[in-house]
Amino acid sequence: MKVAIGSDHGGVRLKEEIKQVILSMGHEVEDCGCNCTDSVDYPDYAIAVCDKVVAGQADRGILICGTGIGMTIAANKIPGIRCALVHDLFSAKATREHNDSNVLAMGERVIGSGVASEITRIWLETGFSGEARHAGRVEKVKSLENKYAAHP
Ligand code: RB5
C-alpha cells in the first residue's frame with residue numbers, strides 16, 4: 001500500500017514517527033511535507049495529501065496537525081475524501097469497518113506517539129466491512145458531494 005502523509009508545524013514531529021511505523025509494516029510512504037517547525041498553513045498539506053488519494057497516486061492518506069481538527073475540516077471539503085479524526089484504538093478500527101475512511105487525521109498535541117502508532121497500525125490493517133448497511137451509508141455520504149455542489 002502507498003500512504004501519503006502530511007503535517008503542519010504542529011504535527012511534524014509525530015509525522016516522522018508515524019512514517020517509521022508505516023515503513024515497518026512494509027508499506028510505501030510519500031511525505032508531502034511540511035519538513036520544518038516554521039509556522040505553515042494546515043490546509044496546504046491537507047490538499048497535498050488528499051490530491052494524491054483522489055488521483056489514485058496513494059491508497060491512503062495520513063494528516064497530522066496540533067489537534068487534527070483543522071486537517072480533518074480541510075480534508076473533508078475535498079470530494080472523494082472521507083477523513084476520520086481518531087484519537088483512540090476503537091475508533092481506528094470502527095472508522096475503517098464502518099466509514100471506509102481513506103484519510104486518517106491525528107493531533108500531535110492530543111495523543112502520545114505510542115497511541116498514535118497503534119492507531120496507525122490498526123487503521124492501515126483494517127478493511128471496510130462491506131456490510132450492506134455500512135456500504136449504503138457510505139454511498140449516502142458520497143452523494144452529499146453532488147447534492148451540495150449544486151448550490152452556489
Ligand atoms: C497550529 O498552531 C494549529 O492551529 C494547528 O496545528 C491545528 O491544531 C489546527 O487545527
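Cut-offs applied
- Residues numbered from 1 in each chain as written.
- Predicted model: local features only at pLDDT ≥ 70, side-chain atom pairs only at ≥ 80, totals over all residues.
- Heavy atoms only, no water.
- Helix = DSSP H or I, 4+ residues; strand = E, 2+ residues; numbered from the N terminus.
- 1 Å grid on protein atoms, 1.4 Å probe; cavity = no way out; pocket = protein on both sides within 12 Å on 5 of 7 lines; lining within 4 Å.
- Points joined across faces, edges and corners; volume = space filled by probe spheres on them.
- Nonpolar A, V, L, I, M, F, W, Y, C, P; charged D, E, K, R; others polar.
- Buried < 20%, exposed > 50% of the residue type's maximum accessible area, 1.4 Å probe, protein only.
- Pairing = 2+ DSSP bridges.
- Right-handed = clockwise from strand over helix to strand, strands pointing away.
- Polar contact = N/O pair within 3.5 Å; in protein donor to acceptor, adjacent residues only side chain to side chain.
- Contact = heavy atoms within 4.5 Å.

K.L.:
Help me out: how do you make sense of unusual backbone geometry in this one?
P.N.:
For residues that are not glycine, phi is negative in most cases, and the peptide bond is trans in most cases. The omega angle of the peptide bond from G33 to C34 is 0 degrees, so this bond is cis rather than trans. Topologically, C34 is positioned in the loop between strand 2 (28-31) and helix 2 (42-54).

K.L.:
What am I meant to see in the layout of surface pockets here?
P.N.:
A probe matching the size of a water molecule, rolled over the atoms, marks out where space remains unfilled. The calculated volume of the largest pocket comes to roughly 310 Å³. Taken together, 18 residues form the lining of the largest pocket, with N76, I81, R82, C83 and V141 sitting closest to its centre. Secondary-structure elements contributing two or more residues to the lining of the largest pocket are strand 4 (83-85), helix 4 (89-99) and helix 6 (132-149). Considering each element in turn, the lining of the largest pocket owes the most residues, six residues, to helix 6. Among the residues making up the lining of the largest pocket, the classes are represented as eight nonpolar, six polar and four charged.

K.L.:
What am I meant to see in the pairing of strand 5 (residues 103-107) here?
P.N.:
When a strand is regular, its side chains alternate between the sheet's two faces. The element strand 5 is largely enclosed, with a buried count of five among its five residues. Along strand 5, one buried face is formed by V103, A105 and G107 and the opposite face, lined by L104 and M106, is buried too. Pairing of strand 3 (residues 60-65) with strand 5, which is carried by five bridges, proceeds in the parallel orientation. Pairing of I64 across the sheet is with M106, part of strand 5. Relative to strand 5, strand 4 runs parallel, the two sharing three bridges. Within the sheet, the bridge partner assigned to C83 lies in strand 5 and is V103. Following the backbone out of strand 4, through helix 4 and into the adjacent parallel strand 5, one traces a crossover that is right-handed.

K.L.:
I'm lost on the side chain of S7 in this one. Help?
P.N.:
Positionally, S7 belongs in strand 1 (residues 2-7). At a separation of 3.4 Å, a polar atom in the side chain of S7 contacts the main-chain amide nitrogen of V12. Setting aside residues up to four positions removed in sequence, S7 forms contacts with V12, K15, G33, C34, Y45, I64 and M71.

Read these as geometric descriptors, not functional statements.
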